[in-house]
Amino acid sequence: MRLLILGGPGSGKGTQSQKLSEHFGIPWISTGDTLRAEIAADSPLGQQVSETLAKGELVSDKLMIALIKERLQQPDAAKGWILDGYPRTAFQAEELDFFLDTLNTQVNYAIWLELPAHALIERSENRAAIDDNPEALRRRIETLAETTIPMLEYYDYRQRLLRIDGNQPPDDVKREILGGIS
Ligand SMILES: Nc1ncnc2c1ncn2[C@@H]1O[C@H](COP(=O)(O)OP(=O)(O)OP(=O)(O)O)[C@@H](O)[C@H]1O
Ligand SMILES: Nc1ncnc2c1ncn2[C@@H]1O[C@H](COP(=O)(O)O)[C@@H](O)[C@H]1O
């Protein structure tokens, strides 16, 4: 199974990715967590992206595409994966499909966790990541509307988009997802 878990900041991408990773026994790959870990380790990549994350902007397509190609070629990703927070631009979506073609595989579903902006803000308010400050959060929600929501059309057109009500208890969200993909 190869799933994309997409949604705004605090929409529950990580929560659902963890549940689905356990359910299917496949790795959970979070681009946001990967970048935050690089920043915490003060690696060259972390230094390169820290300002971008702190502002709530998207990291460049070039960098993200290279990162994901490298990660998806790791042995643990051979039989499937849950991608949390990737892709976020139409270019990333297209490049992901081109890359998966070369591996003779494809995305099964893109799962969109739908929540109103006020619910995203409430959920993120009590957290302390570098990109949970009010200004970065506002920018992340703007970027979501400007870039990521239009990208959903890519999956909708290919009949691979599953829209899920993210504003319900976590186990109900999981049930709705599993009902939609089986
Ligand atoms: N269905 C839900 N109902 C209520 N609270 C939830 C639900 N899913 C997640 N949460 C809570 O909302 C917060 C954000 O969840 P989570 O970290 O899974 O979101 P995310 O989309 O991965 O966020 P980010 O994009 O910032 O990494 C957490 O405190 C989590 O416990
Ligand atoms: N797919 C991505 N493209 C560009 N930037 C990304 C991507 N995934 C993560 N980022 C950056 O990381 C933060 C946090 O991501 P979350 O998935 O919301 O934890 C995001 O705001 C981007 O700066």
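What counts and what doesn't
Residues numbered from 1 in each chain as written. Chains lettered and ligands numbered in written order. Predicted model: local features only at pLDDT ≥ 70, side-chain atom pairs only at ≥ 80, totals over all residues. Heavy atoms only, no water. Near = heavy atom within 4 Å. Helix = DSSP H or I, 4+ residues; strand = E, 2+ residues; numbered from the N terminus. Nonpolar A, V, L, I, M, F, W, Y, C, P; charged D, E, K, R; others polar. Polar contact = N/O pair within 3.5 Å; in protein donor to acceptor, adjacent residues only side chain to side chain. Pairing = 2+ DSSP bridges. Phe/Tyr/Trp six-rings, centres within 6.5 Å; stacked < 30°, edge-to-face > 60°. Buried < 20%, exposed > 50% of the residue type's maximum accessible area, 1.4 Å probe, protein only. Lys NZ or Arg CZ within 6 Å of the ring centre and 35° of its normal. Expected span 1.5 Å × (residues − 1). Arc of directions from axis to C-beta. Contact = heavy atoms within 4.5 Å. UniProt positions renumbered as here; feature names shortened; annotations may be inferred.

> Quick question: what am I supposed to make of the site of ligand 1 here?
Of all residues adjacent to ligand 1, which total 17 residues, the nearest are Lys13, Gly14, Thr15, Arg127 and Gln168. Those elements giving two or more residues to the shell around ligand 1 turn out to be α1 (13–24) and α8 (170–181). Among the elements that line the shell around ligand 1, the one with the most residues is α1, at three residues. Tallied by class, residues from the shell around ligand 1 come to four nonpolar, eight polar and five charged.

> Can you help me understand the site of ligand 2 in this one?
Taken together, 16 residues surround ligand 2, and among them Thr31, Arg36, Glu57, Arg88 and Arg140 come closest. Thr31 is positioned with one of its side-chain polar atoms (N or O) 2.8 Å from a nitrogen atom of ligand 2. The side chain of Gln92 places a nitrogen or oxygen atom 2.9 Å from a nitrogen atom of ligand 2. Classifying every residue of the shell around ligand 2 gives six nonpolar, four polar and six charged.

> For this particular structure, what's the right way to read the pairing of strand β4 (residues 109–114)?
Two faces, one strand: in a regular strand the side chains alternate between the faces of the sheet. One ladder, built from five bridges, connects strand β1 (residues 2–7) with β4; its direction is parallel. Note on β4: the bridge partner recorded for Ile5 is Ile111. Pairing analysis gives five bridges linking β4 to strand β5 (residues 161–165), with the strands arranged parallel. Bridged to Leu113 within β5 is Ile164.

> Help me understand the packing of aromatic side chains in this model?
Working definition: an aromatic ring pair is given by the centre-to-centre distance plus the angle between the planes. Applying the stated criterion to the full structure yields one aromatic pair. Measuring from ring centre to ring centre gives 5.1 Å for Tyr154 and Tyr155, while their planes differ by 80°; the resulting arrangement is edge-to-face. Across the pair, exposure class does not vary: Tyr154 and Tyr155 are buried alike. Cation over ring: Arg158 sits above Tyr154, and NZ or CZ is 3.7 Å from the ring centre.

> I'm lost on α1 in this one. Help?
Given 3.6 residues to a turn, an α-helix orients residues that are three or four positions apart in the same direction. For α1, spanning 12 residues, the distance from its first C-alpha to its last is 16 Å, which sits close to the expected 16 Å at 1.5 Å a residue. Buried residues of α1: Lys13, Gln16, Ser17, Leu20 and Ser21, and no others. Summarising the axial view, the buried residues of α1 lie within an arc of 135°, below the 170-degree limit, and thus occupy one face. Elements in contact with the buried residues of α1: β1, β2 (28–30), β3 (81–84), β4 and α8. Positive backbone phi, approximately 65°, marks Gly25, located one or two places after α1.

> Mind showing me how you'd approach the UniProt feature "binding site: ATP" (unreviewed entry) in the protein here?
The UniProt record marks Gly10, Ser11, Gly12, Lys13, Gly14, Thr15, Arg127 and Gln168 with the feature "binding site: ATP" (unreviewed entry), using the residue numbering of this structure. Summarising the element assignment, Lys13 is placed in helix α1. Among all residues touching Lys13, those that are not within four sequence positions of it are Ile5, Leu6, Gly7, Gly8, Asp84, Gly85, Arg88 and Leu113. Engagement of the side chain of Lys13 in a polar contact is seen with the backbone oxygen of Gly7, the distance being 3.4 Å. Inspection of the secondary structure puts Thr15 in helix α1.

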